[in-house]
Amino acid sequence: NAGVTQTPKFQVLKTGQSMTLQCAQDMNHNSMYWYRQDPGMGLRLIYYSASEGTTDKGEVPNGYNVSRLNKREFSLRLESAAPSQTSVYFCASSEVYYRVLTRIKNIQYFGAGTRLSVL
Amino acid sequence: DQQVKQNSPSLSVQEGRISILNCDYTNSMFDYFLWYKKYPAEGPTFLISISSIKDKNEDGRFTVFLNKSAKHLSLHIVPSQPGDSAVYFCAASDPGGTPLVFGKGTRLSVIA
């Protein structure tokens, strides 16, 4: 069971170049997310997709675009990379369950990350 | 404005002792809380969670306590093992199922 798969694992870009980070999940989850992790900043949400066909901005969306290609795949695009976008990027997916006794259950499952350096 | 706060960036504990990681939140709408563990060069992995209708949830060596009145939760690891050395993130969710809100993490070092 692969879970959440991200490609590539590493990438080096020059300022101004573009690239797309790919993410696929095989858990049949409706919701998918893109985060970035920077030292001392924790995990910050870039964009998310609550269901196929919808996308919403998170905390730090500037400089990024996303595409929910289908239920399995959610890609993140940097149109013109900047050094400030040097970071580790994580994709995640989840299914939100509503239960009578425990109410909500929302567990996100993460990929292994893409380490991006922009020079 | 940080809605989920982990005020201790790091914590060192001796092997065999108890590790206590703390987390505070400000949004009273949060009703589901999680702890994630992250090793270097890997993605965060789900560790344990608790719903707001409970005040304690236990899973093996890991116990999460929730104090709703204080808007505080803590993760207890007993006994601590060197393999527990990692960054631990606290996260919270509201009833609408919106994306989890994460704290900045606490780096735990368990010393043999």
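Residues numbered from 1 in each chain as written. Chains lettered and ligands numbered in written order. Predicted model: local features only at pLDDT ≥ 70, side-chain atom pairs only at ≥ 80, totals over all residues. Heavy atoms only, no water.

### Some remarks on the overall build of chain A
In terms of helices and strands, chain A carries zero helices and eleven strands. When its helices and strands are written in sequence order, chain A yields β-β-β-β-β-β-β-β-β-β-β. Computed over the C-alpha atoms, the radius of gyration of chain A is 14 Å, within 12% of the 14 Å expected from 2.2 N^0.38 for a compact globule of 119 residues. Along the three orthogonal principal directions, the C-alpha set of chain A runs to about 50 × 30 × 25 Å. Counting over 119 residues, chain A shows a buried share of 48%. Long-range contacts, defined here as pairs at least 24 residues apart, represent 56% of the contacts in chain A between residues at least 6 apart. Looking at chain A as shown, the accessible area adds up to about 5,800 Å², and 51% of this sits on carbon and sulfur atoms. The averaged location of the 8 negative side-chain charges in chain A is 4 Å from the averaged location of its 13 positive side-chain charges. (Helix = DSSP H or I, 4+ residues; strand = E, 2+ residues; numbered from the N terminus. Rg over C-alpha atoms; globule rule 2.2 N^0.38 Å. Buried < 20%, exposed > 50% of the residue type's maximum accessible area, 1.4 Å probe, protein only. Contact = heavy atoms within 4.5 Å. Areas by Shrake-Rupley, 256 points an atom, 1.4 Å probe, with all protein chains shown as cover. Lys, Arg positive; Asp, Glu negative; His and termini not counted. Charge placed at Lys NZ, Arg CZ, Asp CG, Glu CD.)

### Describing the pattern of salt bridges
Residues and elements named next belong to chain A. Under the definition given, this model contains five salt bridges over all chains. Close ionic contact of Arg 36 with Asp 38 constitutes a salt bridge, the shortest N to O distance being 2.9 Å. Both residues of the pair, Arg 36 and Asp 38, count as buried. In this structure, Arg 44 and Asp 38 form a salt bridge, with 2.8 Å as the shortest nitrogen-oxygen distance. On the accessibility criterion, Arg 44 (17% relative accessible area) is buried. Residue classification places Asp 38 among the buried positions, given a relative accessible area of 12%. What emerges from the salt-bridge pattern is a single network uniting Arg 36, Asp 38 and Arg 44. (Salt bridge = Lys/Arg side-chain N within 4 Å of Asp/Glu carboxyl O.)

### Quick word on the sheet that holds strand S7 (residues 64-68) of chain A
Residues and elements named next belong to chain A. Pairing is antiparallel in the open sheet, where four strands are placed in the order S1-S3-S8-S7. Only two strands of the sheet have a single partner each, and these edge strands are strand S1 (4-7) and S7. Adjacent strand axes in the sheet meet at a mean angle of 20°, parallel and antiparallel pairs treated alike. Across five bridges, the pairing between S7 and strand S8 (residues 74-78) is antiparallel. Following the sheet pairing, Arg 68 is matched in S8 by Phe 74. (Pairing = 2+ DSSP bridges. Axes fitted to C-alpha atoms, helices over the stretch in contact; angles between N-to-C directions.)

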